[in-house]
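# Descriptive analysis of the structure
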Amino acid sequence: MHLAQLNIAHLRAPIDSPQLAEFVALLEPVNALADEAPGFVWRLKESESDPTATVIHEYGDHLLVNFSVWESREALWDYVYRSAHLGVLRRRREWFLRAVEPYMVMWWVPEGHIPSLAEAMRRLERLKAEGPSPEAFTFKDSYDSSEAVSLPAAAEARK
């Protein structure tokens, strides 16, 4: 099993505004760091040629989406909290509004399966509505991949 993760953030200003220029300048190096991190599998990209392009979606112009798949919880943890990514994360309030509800969700997927953004948003909504479970959890309240193997969603994805 691999670990899928989605995190969202509400921008303080339009992505092309001077207020977010420093954040946009950090996108390329932080994304490159993720792409080269041990355990990285995949991330949703808007453009293969423009590393600063943010994902265009139907969930609102000021909602930034980060969606990826990792080999393990530990690999994702190491990237988020034990790499240069942490310095950018610590500055998030300069660029994003403070979240009052869950903004990050993780779930296990069969190796080789790439979930859709719509599935990821449903997982986040499930976490908000029902709290952590093997189908939608966080670093704080995580579940082992063995707990997800028998779930209907995992079985369906393996087909």
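Below, the structure is looked at part by part. This one's a predicted model, so the numbers in the text were calculated from it and none came from an experiment. Within each chain, residue numbers correspond to sequence positions counted from 1 in written order. With pLDDT at 70 or above as the cut-off, local features in this predicted model cover only qualifying residues; side-chain atom pairs require 80 or more to be listed or tallied, and sums for whole chains, interfaces and linings still use all residues. Excluding hydrogens and water, the side-chain values take into account all heavy atoms of the structure.

Residues of helix α2 (residues 73–81) that are buried include every one of A75, L76, Y79 and V80, and no others. Within α2, the buried residues cover an arc of 125° as seen down the axis, which keeps them to one side. Note on classification: 1.4 Å probe, protein chains only; a residue is buried when its accessible area is under 20% of the maximum for its type, exposed when over 50%, partly exposed between these limits. Strands here are runs of E lasting at least two residues and helices are runs of H or I lasting at least four, both read from the DSSP assignment and numbered beginning at the N terminus. Working note: the arc is built from the helix axis to C-beta atom directions.

Let us look at the sheet that holds strand β1 (residues 2–10). Any two strands are treated as partners once DSSP identifies two or more bridges connecting them. Across the sheet, four strands lie side by side as β2-β3-β1-β4; this open sheet has antiparallel pairing. Since the sheet does not close on itself, it has two edges, and those belong to β2 (40–43) and β4 (104–109), each with one partner. Direction aside, neighbouring strands of the sheet carry axes that sit 20° apart on average. Across six bridges, β1 lies against β4 in antiparallel orientation. Within β4, the position partnered with H2 by the bridge is V109. Taken strand by strand, helix α1 (residues 21–36) contacts β2 and β3 (63–70), and its axis lies near 140° from that of β2. A fitted line through C-alpha atoms represents every axis, and for helices the fit uses only the stretch in contact; the resulting angles, taken between N-to-C directions, go from 0 to 180 degrees. It only takes one pair of heavy atoms within 4.5 Å for two residues to be counted as in contact.

Turning our attention to helix α5 (residues 117–130). One fewer than the residue count of a helix, multiplied by 1.5 Å, yields its expected span. Between its first and last C-alpha atoms α5 spans 20 Å; for 14 residues at 1.5 Å apiece the expected length is 20 Å, and the two agree. Among all positions in α5, only L117, E119, A120, M121, R123, L124 and L127 are buried. Two residues or fewer past α5, G131 is found with a positive phi of approximately 85°.

This part covers the nonpolar core. Grouped together as the largest cluster of nonpolar side chains are 26 residues, with contacts concentrated most on F23, W70, L76, Y79, F96 and M106. Counting only elements with at least two residues in this core, the list comes to β1, α1, β3, α2 and β4. Top element by residues in this core is α1. It accounts for five residues. Among residues more than four places away in sequence, those in contact with L76 are L3, Q5, W70, M104, M106 and F139. For this analysis, a nonpolar core means a set of buried residues of the types Ala, Val, Leu, Ile, Met, Phe, Trp, Tyr and Cys, connected via side-chain atoms within 4.5 Å.

Between the rings of Phe, Tyr and Trp (Trp by its six-membered ring), a pair exists once the centres lie within 6.5 Å; its type follows the angle of the planes, with under 30 degrees stacked, over 60 edge-to-face, and the other angles tilted. Applying the stated criterion to the full structure yields 11 aromatic pairs. Residues F23 and F96 carry aromatic rings whose centres are separated by 5.1 Å and whose planes lie at 80° to one another, so their mutual orientation is edge-to-face. Here F96 lies in the loop between α4 (92–95) and β4 and F23 lies in helix α1, a separation of 73 residues in the sequence. In this structure F96 comes out as buried when scored by relative accessible area, which is 11%. Three or more aromatic residues link up through ring pairs in this structure, and these residues are F23, W95 and F96.

Take the pairing of β3 next. Taking burial as the measure, the eight residues of β3 include seven buried ones, the bulk of the element. Across eight bridges, the pairing between β1 and β3 is antiparallel. Bridged to I8 within β3 is V65. Note that β2 and β3 share three bridges and pair antiparallel. The residue bridging F40 from the neighbouring strand is W70, located in β3.

Further remarks concern the pattern of salt bridges. By definition here, a salt bridge exists when the distance from a side-chain nitrogen of Lys or Arg to a carboxyl oxygen of Asp or Glu is within 4 Å. As enumerated under the stated definition, the model contains nine salt bridges in all. A salt bridge links R91 to E22; its shortest N-O distance comes to 3.0 Å. Here R91 is found in the loop between α3 (85–90) and α4, whereas its partner E22 is found in helix α1, with 69 residues between them in sequence. The class of R91 is partly exposed, set by a relative accessible area of 24%. The partner of E125 in a salt bridge is K128, with the nearest N and O atoms 3.3 Å apart. Taken together, the residues E125 and K128, both in helix α5 and three residues apart, mark about one turn of the helix. E125 gets classed as partly exposed once you look at its relative accessible area, which sits at 44%. With a relative accessible area of 26%, K128 lands in the partly exposed category.

In short, the description is geometric, and any link to function would need to be established separately.
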